[in-house]
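Below are the chains, spelled out letter by letter.
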Amino acid sequence: MMDNLGRNQTFRTIDRKPIYWRDKQDSVHACEGSNVHPGVRLIWTLCQRDVPANAAYKCDGDDVTCATCKQAVAE
Ligand SMILES: [Zn+2]
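The written sequence of each chain sets the order in which its residues are numbered from 1. Local features in this predicted model are restricted to residues whose pLDDT is 70 or higher, and side-chain atom pairs enter the listing and the counts only when it is 80 or higher, whereas totals over whole chains, interfaces and linings include all residues. Hydrogens and waters are ignored; side-chain quantities use all the structure's heavy atoms.

**Q** Describe the environment of Lys-17, with residues and values.
**A** Segments assigned H or I by DSSP are reported as helices when at least four residues long, segments assigned E as strands when at least two residues long, and all are numbered from the N terminus. On the secondary structure map, Lys-17 appears in strand β3 (residues 17–22). Categorising residues by exposure relies on relative accessible area from a 1.4 Å probe, with only protein chains included: less than 20% of the type maximum marks a residue as buried, more than 50% marks it as exposed, and the intermediate range marks it as partly exposed. Lys-17 gets classed as partly exposed once you look at its relative accessible area, which sits at 42%. Each C-alpha atom, one on Lys-17 and one on Asp-60, is 8.2 Å from the other, the two residues being 43 residues apart in sequence. Not counting residues within four places of it along the chain, the set of residues in contact with Lys-17 comprises Arg-12, Lys-58 and Cys-59. By the convention used here, residues are in contact when the closest approach between their heavy atoms is within 4.5 Å.

Below, the structure is given as structure tokens:
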């Protein structure tokens, strides 16, 4: 299994685990990231929301509950 590297070296996994983010409404989003500079990593959700620094986490068995992210993952 390769980590998912797309255009512009974006990725949706870290250590082969999906990157998720739980927002204040307790919705779980799937995330995509990019290393814009060495040591500077931007993370955003697949529904195009910005994820605060260090708020994203590696999936530990949670399900994505955001409908938009869920659909984006399935594509
Ligand atoms: Zn979402």
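**Q** Go over the side chain of Glu-32 with me, naming the residues and quoting the values.
**A** Along the polypeptide, Glu-32 turns up in strand β4 (residues 28–37). For Glu-32, a relative accessible area of 15% puts it in the buried group. Definition of a polar contact: a pair of N or O atoms within 3.5 Å, with one able to donate and the other able to accept a hydrogen when the atoms are protein atoms, and with sequence-neighbouring residues admitted only if both atoms are side-chain atoms. Among the polar contacts made by the side chain of Glu-32, one reaches the side chain of Arg-12 at a distance of 2.8 Å. When sequence neighbours within four positions are dropped, the list of residues in contact with Glu-32 reads Thr-10, Phe-11, Arg-12, Leu-42, Ile-43, Trp-44 and Leu-46.

**Q** Account for the coordination of the zinc ion, with residues named and values stated.
**A** Metal coordination here is assigned from N, O and S atoms located within 2.8 Å of the ion, or within 3.2 Å for Na, K and Ca; omission of water means that sites may look incomplete. For the zinc ion, every protein donor is listed as His-29 (ND1), Cys-47 (SG), Cys-66 (SG) and Cys-69 (SG), and the spread of their distances is 2.0 to 2.3 Å. Angles of 101 to 120° at the metal separate the four donor atoms of the zinc ion, which places the site in the tetrahedral class. Counting along the primary sequence, the residues that act as donors to the zinc ion give the motif H-x17-C-x18-C-x2-C. Note that Cys-47 is positioned in the loop between β5 (40–45) and β6 (57–58) and Cys-69 in helix α1 (residues 67–74), a separation of 22 residues in sequence. Using a relative accessible area of 21% as the deciding quantity, one classes Cys-47 as partly exposed. For Cys-69, a relative accessible area of 0% corresponds to the buried category. Every angle between 85 and 135 degrees makes a four-donor site tetrahedral, while opposite donors more than 155 degrees apart, with all other angles between 65 and 115, make a four-donor site square planar and a six-donor site octahedral; other sites are irregular.

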